[in-house]
Amino acid sequence: VQLQACGGGLVQAGASLRLSCKGSGRTFNIYTLGWFRQAPGKEREFVAGISWNGGSTYYADSVTGRFTISRDNAVNTAYLQMNSLKPEDTANYYCAAADRHYSGTEMRPSRMDYWGKGTQVTVSS
């Protein structure tokens, strides 16, 4: 599956953004999907994940209560709604897919099978 993320931008602290991840190629709804982010000089980290049917969602502690992951398999798209953005949310955000199910604690960059190019999110103070 090919993935393409979009929706990033430059916003002020407290603002909201919605990222989208469009899939193409193989059947989209068989994949576990995740959002990851990487800030300059830091390792890529898990942000949020969602099971193949949207029935289970997982979040990093740092974004719980502010970010919401969702998916619409009918249009092969996953979303990351980001509210109450903080400067520390500044990073390049990537969507990724895995051929098997992973829960939030298991969803690591090394376990994801497919990656899209990142979309930059910059939050100013």
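Rules used in this analysis
- Residues numbered from 1 in each chain as written.
- Predicted model: local features only at pLDDT ≥ 70, side-chain atom pairs only at ≥ 80, totals over all residues.
- Heavy atoms only, no water.
- Helix = DSSP H or I, 4+ residues; strand = E, 2+ residues; numbered from the N terminus.
- Rg over C-alpha atoms; globule rule 2.2 N^0.38 Å.
- Buried < 20%, exposed > 50% of the residue type's maximum accessible area, 1.4 Å probe, protein only.
- Contact = heavy atoms within 4.5 Å.
- Areas by Shrake-Rupley, 256 points an atom, 1.4 Å probe, with all protein chains shown as cover.
- Lys, Arg positive; Asp, Glu negative; His and termini not counted.
- Charge placed at Lys NZ, Arg CZ, Asp CG, Glu CD.
- Core = buried A, V, L, I, M, F, W, Y, C linked by side-chain atoms within 4.5 Å.
- Salt bridge = Lys/Arg side-chain N within 4 Å of Asp/Glu carboxyl O.
- Pairing = 2+ DSSP bridges.

**Student:** For the overall build of the protein, give the residues involved together with the corresponding values.
**Tutor:** Scanning the protein for helices and strands turns up 0 helices and 11 strands. For the protein, the N- to C-terminal ordering of α and β elements is β-β-β-β-β-β-β-β-β-β-β. Relative to the globule expectation of 14 Å for 125 residues, the C-alpha radius of gyration of the protein, 13 Å, shows essentially globular dimensions. In terms of principal-axis extent, the alpha carbons of the protein reach across some 40 × 25 × 25 Å. Looking at the 125 residues of the protein, the share that counts as buried comes to 44%. In the protein, 59% of the contacts between residues at least 6 apart in sequence involve partners at least 24 apart. When the accessible area of the protein is evaluated, it comes to approximately 6300 Å², of which 46% is carbon and sulfur surface. Of note, the protein has its 13 positive side-chain charges centred 4 Å away from the centre of its 9 negative side-chain charges.

**Student:** So what's going on with the nonpolar core? Residues and values would help.
**Tutor:** The biggest cluster of nonpolar side chains holds 38 residues, and the ones touching the most others in it are L3, W35, V47, F67, L80, M82 and Y93. Among the elements that make up this core, the one with the highest residue count is strand β9 (residues 91-98) (6 residues).

**Student:** An account of the environment of P109 is needed here, citing residue identities and associated values.
**Tutor:** In this fold, P109 is placed in the loop between β9 and β10 (114-115). Judged by relative accessible area, P109 falls into the partly exposed class, the value being 27%. The residues touching P109, leaving out its near neighbours within four places in the chain, are F36, R44 and W115.

**Student:** Before we move on, can you summarise the pattern of salt bridges with the specific residues and values?
**Tutor:** Pairing between side chains of opposite charge can happen when the charged atoms of each approach one another. Applying the stated criterion to the full structure yields 3 salt bridges. Taking the shortest distance from any N to any O, the salt bridge between D89 and R37 comes out at 2.9 Å. Placement of D89 in the loop between β8 (77-82) and β9 and of R37 in strand β4 (residues 32-38) is noted, with a sequence separation of 52 residues between them. For the pair formed by D89 and R37, the shared burial category is buried. Between R66 and D89 there is a salt bridge whose closest N-O contact spans 2.7 Å.

**Student:** Hey, could you go over the pairing of β8 for me, with residue numbers and the actual values?
**Tutor:** With 5 of its 6 residues buried, β8 lies for the most part within the structure. Across 6 bridges, strand β3 (residues 17-24) lies against β8 in antiparallel orientation. From the neighbouring strand, S20 faces β8, where its bridge partner is Y79. Inspection of the sheet shows strand β7 (residues 67-72) paired to β8 by 6 bridges, in the antiparallel sense. Within β8, the residue paired with I69 across the bridge is L80. The hairpin formed by β7 and β8 contains 4 residues between the paired strands, and N76 there has a positive phi angle of roughly 55 degrees.

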